[in-house]
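# Secondary and tertiary structure notes
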Amino acid sequence: MLTSDMEPNADIRIIINPASAAGKTLRRIPSIVQALRQAFPERLAILLTRVSGDAGLMAGDAVREGAGMVVAVGGDGTLHEVVNGMLGATGGARPGTAL
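Residue numbers restart at each chain and count upward from 1, following the sequence in its written direction. With pLDDT at 70 or above as the cut-off, local features in this predicted model cover only qualifying residues; side-chain atom pairs require 80 or more to be listed or tallied, and sums for whole chains, interfaces and linings still use all residues. For side-chain calculations, the full set of non-hydrogen atoms in the structure is used, while hydrogens and water are omitted.

### So, the side chain of Thr-97
Starting at the N terminus, helices and strands are each numbered in turn, a helix being any DSSP run of H or I of at least four residues and a strand any DSSP run of E of at least two. Relative to the helices and strands, Thr-97 resides in the segment after helix 3 (76-89). Any residue under 20% of the maximum accessible area for its type is buried, any over 50% is exposed, and the rest in between are partly exposed; the area is computed with a 1.4 Å probe on protein chains only. Assessed through its relative accessible area of 9%, Thr-97 is described here as buried. Any pair of nitrogen or oxygen atoms within 3.5 Å is treated as a polar contact; in protein, a donor-acceptor pairing is required on top of that, and neighbouring residues in sequence qualify only through side-chain atoms on both sides. A polar contact is formed between the side chain of Thr-97 and the backbone oxygen of Ala-67, at a distance of 2.8 Å. The contact definition used throughout considers only heavy atoms, calling two residues in contact when any of these lie within 4.5 Å. Residues in contact with Thr-97, not counting those within four places in the same chain, are Val-63, Ala-67, Gly-68, Met-69, Val-70 and Met-86.

Take a look at the structure:
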């Protein structure tokens, strides 16, 4: 896993799959991050996936660490991993973290 930018006490985790959209997401990361930083200043952790499974691990960590929100940026596979990672962190119960 790669944490590209982590604010102390970040309560919003942005999980980005740069390989999604046939690699187009990688080129869009600067504009995505800029828009999110404007909306949520000083509260973000920007996390980039590198291999299959990273998004689920990152989402599970976010729930266990008390993040208030997880945002998945990618395709259906990324969203699938994030949802399963969040549910796995709570033993299948609804997490207190928003998606």
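### With respect to the pairing of strand 3 (residues 44-48)
Of all five residues making up strand 3, five are buried, and the element is well covered by its neighbours. Going residue by residue along strand 3, you find Leu-44, Ile-46 and Leu-48 tucked away on one face and Ala-45 and Leu-47 tucked away on the opposite face as well. Summarising the sheet, strand 2 (residues 12-16) and strand 3 pair through five bridges and their orientation is parallel. In the sheet register, Ile-16 faces strand 3, and the bridge partner there is Leu-48. For two strands to count as paired, DSSP must find a minimum of two bridges between them.

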